[in-house]
Amino acid sequence: MSVKISAVCANLDVLAWFDSLARVQGQLERIYRAARDAQPCTFVNLDMEEYRDLELSVEAFISVLSREEFRDLPA
């Protein structure tokens, strides 16, 4: 499955970094849980739509997949 961060979290604002990061993390958690629990396990591709969202996307990706419940997922 291909996911655009801007499609799962509307109105991202790099000036509201922590709020935007928390919203993206929440959505990624839901997506990764569903992908992990699917049979067979589903591959998730984060599609970078806009360069301005790069740092936010990378930080959300790393922080969510660093959590204990996702440590066994290949990334």
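Note: the structure precedes this text.
Predicted model only: the values in this text are computed from it and were never measured.

Focus on the side chain of Ser 57
Now for step 1: Its location among the elements puts Ser 57 in helix α3 (residues 54–65).
Now for step 2: Of the residues examined, Ser 57 reaches a relative accessible area of 4% and is grouped as buried.
Now for step 3: Residues within four places of Ser 57 in sequence aside, it is in contact with Ile 5 and Met 48.

Structural notes on the pattern of salt bridges
Now for step 1: Taken as a whole and judged by the stated rule, the model has 6 salt bridges.
Now for step 2: Note that Glu 29 and Arg 67 form a salt bridge whose closest N and O atoms lie 1.7 Å from each other. Here the residue Glu 29 occupies a position in helix α2 (residues 17–37), and Arg 67 occupies one in the segment after α3, the gap between them amounting to 38 residues.
Now for step 3: The buried category is assigned to Glu 29, whose relative accessible area is 18%.
Now for step 4: One salt bridge in this structure joins Glu 69 and Arg 36, with 3.4 Å as the shortest N-O distance. Of the two residues, Glu 69 sits in the segment after α3 while Arg 36 sits in helix α2, which places them 33 residues apart along the sequence.
Now for step 5: Its relative accessible area of 36% is what places Glu 69 among the partly exposed residues.

Scoring rules and cut-offs
- Residues numbered from 1 in each chain as written.
- Predicted model: local features only at pLDDT ≥ 70, side-chain atom pairs only at ≥ 80, totals over all residues.
- Heavy atoms only, no water.
- Helix = DSSP H or I, 4+ residues; strand = E, 2+ residues; numbered from the N terminus.
- Buried < 20%, exposed > 50% of the residue type's maximum accessible area, 1.4 Å probe, protein only.
- Contact = heavy atoms within 4.5 Å.
- Salt bridge = Lys/Arg side-chain N within 4 Å of Asp/Glu carboxyl O.

Interpretation in functional terms is not warranted from these geometric data alone.
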